[in-house]
Amino acid sequence: MKTTNRLIIAAICSCWTIGVAANPQRGNPDYAATAAPSGPQVFAPLPINPEGINVVAGILGNDRAEFKNNFRNYMNLWMEPKAAGPCHIEWKLNAPADGIYDVCAVAAGNGSRMKLACNGALLEAAVEGKGWDRIALGTIPLKAGENMLTLEVEAAKGFQFDTLELVRPAVKAALLSEAQASRKSPDWFKDAGYGLMFQWTNRATPPAGSIKPWEQKVDDFDLAGFVEMVEESGAAYVLWSITWGNQYISAPIKSLDAILPGRTTQRDLLGEMADALHARGIKLIFYYHYGYDCNHSIDADWMEATGGYRADKSELFKNWSAIVSEIGNRYGDKLNGWWFDGGQRYYNCHFDGTPGDQGILSAPFKELTLAAKSGNPERVVAYNSWVKPRLTEYQDFYGGEGKTGFQELRDGVFPSGQQEGLMAHGCFILERKWGHIEKNAIIAKPKYSLKKLTEMVRTAQQKRYPLSINLEMYEDGSVSPASRALLKQLREATREH
């Protein structure tokens, strides 16, 4: 059996045939459909942790074939009813002791109604407003041992369901208080206006010809030219992808070598970049993709080695923490933030269809965020939730994938709604793609005019949130001359002289 097929085969052994919904972001290959799990359903009791937030995903319940699974980019995104209803999902919950649990649903679909039944309690709530939100349902009792939880949905057009969250009220209050007390809201971030984002990794290509070996690619990277370009652009920070799809890091990271040798480099390009940007007063944020399967890249050797294909993701996040904390300690206060991609895979650890009774239901966000702030407790952190509500309170700013602006803010922070309490932030593609990984291809022209970019940045400056402008980059570290010239004009239009 080929390694690249193991995730799909494992899912086939543990899930059931499901339908695929319409494309949630038409024309975006990052969210294109992938092979959905199929085979006999495993309706396993889910372990309930009375001291945490329990993420009970729709895919882990018995939906009586009344829902279809939106399985895209190698993960379950959400469930959609096949008819208006009533439609049902049932879960078995295994609680260690009697307790009262607060319940909310992560769902979308204005005009829909939900009913939740458990141990004699019946809760009802309406779905209101546009887009995704957390919808409070009330409290339910759980008894020690096995419990049956049933969700009934009367669906309006466009109803989508992701998860239920169960947490004891006192635990919820304590976790929220702790997370809010540790949250950072620095002026440098709010008043940055804009920075530059780059997806440059082992897969970066030249305009023509073949890709260099990893070590040589890093050795030949023109750091001086890169820093000159960043300074010329007027960017207040750089959002740099230390990985993207494949797990290769351009620095001598021992924790990565210990898991799978050959993925690091002797040259500490990340350290040289951190030093050079810090010397010029330019902040640095690292983007991190832990190597999960996605439409643009599959790194099966890495996923096998780190525990990413197992039902229990505990080892994966232990390895994640070792790598992230080593990097944080290595660069200290010269590393100012983290942007973690693939947040849905953190939030629902069984996004791949693996049985819910094996391992953790959701990532240990508190511990991950502490690891991310190793070496610099002032570092800001985001977990990319795409169109979903914030995934955890243990973060500082909104990932903002695809966002170019915001309206309802208070001093750069969301006062309510899906991202309540987080600093606003948007990141968007300037040219055609997030990264230049096509062979024998020239970077496309910018799709935004100077006028439009200037309007966006000035609004961001007024409302106190930053925009990360993503540029494609060639293998040698150079960018499109047209994009570079545009950014130089943007600096003249938006920065004081």
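Quick note: structure is the one above.
So, how was this worked out
Throughout this document, residue positions are counted from 1 along each chain, in the order its sequence is written. Totals for whole chains, interfaces and linings use every residue, but because this is a predicted model, local features are given only for residues with pLDDT of at least 70 and side-chain atom pairs only at 80 or more, for both listing and counting. Side-chain numbers here rest on the full set of heavy atoms in the structure, without hydrogens or water. Here a cavity denotes grid points, spaced 1 Å and computed from the protein atoms alone, that fit a 1.4 Å probe unable to get out, and a pocket denotes an open set having protein on both sides within 12 Å along at least 5 of 7 lines; residues with an atom within 4 Å of a point are the lining. Grid points are joined across faces, edges and corners, and a volume is the space filled by probe spheres set on the points. Each helix corresponds to a stretch of at least 4 residues labelled H or I by DSSP, and each strand to a stretch of at least 2 residues labelled E; elements are numbered beginning at the N terminus. Pairing between two strands is assigned when DSSP locates at least 2 bridges connecting them. Angles run from 0 to 180 degrees between N-to-C directions of axes, and those axes are lines fitted to C-alpha atoms, restricted for helices to the stretch in contact. Contact definition: two residues touch when any of their heavy atoms are within 4.5 Å. A carboxyl oxygen of Asp or Glu within 4 Å of a side-chain nitrogen of Lys or Arg is what we treat as a salt bridge. Each residue gets one of three labels from its accessible area relative to the maximum for its type: buried under 20%, exposed over 50%, partly exposed in between, using a 1.4 Å probe on protein chains only. It is the directions from the helix axis to the C-beta atoms whose arc is reported. Joining through side-chain atoms within 4.5 Å is the link that ties buried Ala, Val, Leu, Ile, Met, Phe, Trp, Tyr and Cys residues into a set, and such a set is a nonpolar core.

Undergrad: So what exactly am I meant to see when it comes to empty space enclosed by the protein here?
TA: Any space left empty among the atoms is revealed by the rolling of a water-sized probe across them. By the definition in use, this model includes four cavities of 30 Å³ or more. In this structure, the largest cavity spans a volume of roughly 310 Å³. As for the largest cavity, its lining consists of 26 residues, of which Tyr-31, Tyr-292, Asp-341, Asn-384 and Glu-401 are closest to the centre. Of all the secondary-structure elements, those providing two or more residues to the lining of the largest cavity are strand E4 (75–81) and helix H10 (343–347). Among the elements that take part in the lining of the largest cavity, H10 stands out by supplying three residues, more than any other.

Undergrad: I tried to follow the sheet that holds strand E10 (residues 145–154) on my own but got confused; where do I start?
TA: Strand pairing within a sheet occurs via backbone hydrogen bonds; the two strands may be parallel or antiparallel. Pairing within the open sheet is mixed, and its five strands lie in the order E1-E5-E10-E7-E8. The sheet is open, and its two borders are formed by strand E1 (46–47) and strand E8 (121–126), each paired with just one other strand. Both strand E7 (residues 113–118) and E8 contribute to a ladder of six bridges, which runs antiparallel. Pairing of Ala-117 across the sheet is with Leu-122, part of E8.

Undergrad: Looking at this structure, how should I read the sheet that holds strand E15 (residues 337–340)?
TA: Reading across the sheet, the seven strands line up as E16-E15-E14-E13-E12-E18-E17 and stay open at both edges, with parallel pairing between neighbours. On the outer flanks of this sheet lie strand E16 (380–383) and strand E17 (426–429), each paired with one strand and no other. Each strand axis lies, on average, 20 degrees off the axis of its neighbour in the sheet, ignoring direction. Where strand E12 (residues 194–198) and strand E13 (residues 237–241) come together, three bridges link them in parallel fashion. Note that in E13 the partner of Phe-198 across the bridge is Trp-240. The sheet contacts of helix H7 (residues 269–279) involve E13 and strand E14 (283–288), and relative to E14 the element is tilted by about 150 degrees.

Undergrad: Sorry, what's going on with the layout of surface pockets here?
TA: Empty space within the largest pocket amounts to approximately 1,100 Å³. Lining the largest pocket are 42 residues, with Gly-52, Ile-53, Glu-165, Leu-175 and Thr-392 positioned closest to its centre. Looking at the lining of the largest pocket, the elements that each hand over two or more residues are strand E2 (54–57), strand E6 (99–108), strand E9 (133–142), strand E11 (160–167), helix H2 (169–182) and helix H11 (365–372).

Undergrad: What's the story with the pattern of salt bridges in this structure? I'm lost.
TA: Pairs may arise between side chains of opposite charge once their charged atoms sit close together. For the coordinates displayed, the defined rule picks out 27 salt bridges. Put simply, Glu-232 and Arg-484 hold a salt bridge, and the shortest N to O gap is 2.8 Å. With Glu-232 in helix H5 (residues 223–233) and Arg-484 in helix H13 (residues 481–494), this residue pair connects regions lying 252 residues apart in the sequence. Taken together, the salt bridges that share partners define one network made up of Asp-187, Lys-190, Asp-191, Asp-411 and Arg-464.

Undergrad: What am I meant to see in unusual backbone geometry here?
TA: Among all residues save glycine, negative phi is the norm, and among peptide bonds the norm is trans. A cis amide bond links Gly-85 with the next residue in sequence, Pro-86, at an omega value of 10 degrees. Secondary-structure assignment places Pro-86 in the loop between E4 and strand E5 (87–95). Residues other than glycine seldom take positive phi values, yet Tyr-74 does so here, at roughly 65 degrees. Within the chain, Asn-119 stands out as a residue other than glycine whose phi angle is a positive 50 degrees. Here Asn-119 is to be found in the loop between E7 and E8. For Asn-119, a relative accessible area of 35% puts it in the partly exposed group.

Undergrad: Help me out: how do you make sense of H5 in this one?
TA: Since the α-helix turns once every 3.6 residues, residues separated by three or four places project in the same direction. Buried within H5 we find Leu-223, Phe-226, Val-227, Met-229, Val-230 and Ser-233. One side of H5 holds all its buried residues, which, seen down the axis, span an arc of 160 degrees. Where H5 is buried, its residues contact E12, E13, H7 and H13. Count one or two residues on from H5 and you reach Gly-234, which has phi positive near 85 degrees.

Undergrad: Teacher, can you tell me more about the nonpolar core here?
TA: Note on soluble globular proteins: their nonpolar side chains tend to be buried together. Core analysis: the biggest nonpolar cluster contains 95 residues, and Phe-226, Trp-240 and Trp-338 have the highest contact counts within it. If near-sequence neighbours (up to four positions away) are discounted, Trp-240 is found in contact with Phe-198, Trp-200, Phe-221, Phe-226, Leu-270, Met-273, Leu-284, Ile-285, Phe-286, Tyr-287 and Met-473. Residues Leu-60, Phe-67, Met-79 and Ile-89 belong to the second largest nonpolar core, which totals 37 residues.

Undergrad: Just to check I follow, could you spell out the pairing of E15 for this structure?
TA: The two faces of E15 match: Gly-337 and Trp-339 on one face and Trp-338 and Phe-340 on the other face are all buried. Sheet topology places E15 next to E16; four bridges connect them, and they run parallel. Its bridge partner being in E16, Phe-340 is matched across the sheet by Tyr-383.

Undergrad: Got a minute to help me understand the environment of Ser-321 in this structure?
TA: Its location among the elements puts Ser-321 in helix H9 (residues 314–331). On the basis of relative accessible area, Ser-321 is assigned to the buried category, the value being 18%. Between the C-alpha atoms of Ser-321 and Gly-145, which are 176 residues apart in sequence, the distance is 32 Å. Sequence-distant contacts of Ser-321, that is, excluding residues within four places in its chain, are made with Leu-368 and Ala-371.

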